[in-house]
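# A closer look at the structure
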Amino acid sequence: MATEVILTETLFEALEQFESNSADRILSKLDEIESFPDHYLDRLKNHPGHKLRVGDYRVLIDWDRDDDTIYAIDAFERKNEYRRLGTYRDVWGSWRDDQ
């Protein structure tokens, strides 16, 4: 069974800021991970999430293995990746309640 990938509002807001070809590459890669997420996702250190690498961009992922669901939370340039992760600590998992 394929893993369900849910794109959050925050991700769409971030993608609007990128060039269209970069946003398209990110969306394409998110489609690819449905069948074999272990291959594409890397666990973050000192953070409950995962990351998906797409060129110079990173997508912050919350992988709910119990429900076989992946939440694509946000996307940003690699150089900003670790600086922005702290902003999610207080709200981690809140997007799961939106279902």
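Just above sits the structure.
Below is a short write-up of the structure. (Residues numbered from 1 in each chain as written. Predicted model: local features only at pLDDT ≥ 70, side-chain atom pairs only at ≥ 80, totals over all residues. Heavy atoms only, no water.)

### A short note on the pattern of salt bridges
Heads up, the rule is: Criterion for a salt bridge: a side-chain nitrogen of Lys or Arg within 4 Å of a carboxyl oxygen of Asp or Glu. Counting from the N terminus, the helices are the DSSP runs of H or I reaching at least four residues and the strands are the DSSP runs of E reaching at least two.
Tallied over the full model, the rule gives 3 salt bridges. Between arginine 65 and aspartate 38 there is a salt bridge, with the nearest N and O atoms lying 3.6 Å from each other. Of this pair, arginine 65 sits in the loop between β4 (57-64) and β5 (69-77) while aspartate 38 sits in helix α3 (residues 37-40), placing them 27 residues apart in sequence.

### Considerations on the environment of alanine 14
To keep it simple, the criterion reads: Relative accessibility under 20% of the residue-type maximum defines a buried residue, over 50% an exposed one, and the middle range a partly exposed one, all with a 1.4 Å probe and only protein chains included. We call two residues in contact when some of their heavy atoms are within 4.5 Å.
Structurally, alanine 14 can be placed in helix α1 (residues 9-17). Judged by its relative accessible area of 10%, alanine 14 is buried. As a C-alpha pair, alanine 14 and valine 59 span 45 residues in sequence and 10.0 Å in three-dimensional space. Residue contacts for alanine 14: discarding those within four places in its chain leaves Asp74 and Ala75.

### With respect to the sheet that holds strand β3 (residues 50-54)
Threshold: When DSSP finds at least two bridges between two strands, those strands are taken to pair. Helix axes use the C-alpha atoms of the stretch in contact, all axes being lines fitted to C-alpha atoms, and the angles between their N-to-C directions lie in the range 0 to 180 degrees.
The mixed open sheet is built from 5 strands, whose spatial order is β1-β5-β4-β3-β2. The open sheet has two edge strands, β1 (4-7) and β2 (41-43), and neither has a second partner. Mean inter-strand twist for the sheet, computed between neighbouring axes without regard to direction, equals 35°. Pairing analysis gives 5 bridges linking β3 to β4, with the strands arranged antiparallel.

### A look at the side chain of threonine 69
Spelled out, the test is: Identification of polar contacts relies on pairs of N or O atoms within 3.5 Å, with a donor-acceptor requirement for protein atoms, meaning one able to donate a hydrogen and the other able to accept it, and with residues adjacent in sequence counted only if both atoms are side-chain atoms.
The topology assignment puts threonine 69 in strand β5. A polar contact of 3.1 Å, which involves the side chain of threonine 69, links it to the backbone oxygen of aspartate 67.

### Structural notes on the packing of aromatic side chains
Quick reminder of the rule: Think of it this way: a Phe, Tyr or Trp ring, Trp meaning its six-membered ring, pairs with another when their centres are within 6.5 Å, and the plane angle makes it stacked under 30 degrees, edge-to-face over 60, tilted otherwise. Placement of a positive charge over a ring is assigned whenever Lys NZ or Arg CZ falls within 6 Å of the ring centre and within 35 degrees of the normal to the ring plane.
The final tally for this structure, using the stated rule, is 1 aromatic pair. Sitting above the plane of the tryptophan 63 ring, arginine 65 keeps its charged end 3.7 Å from the centroid.

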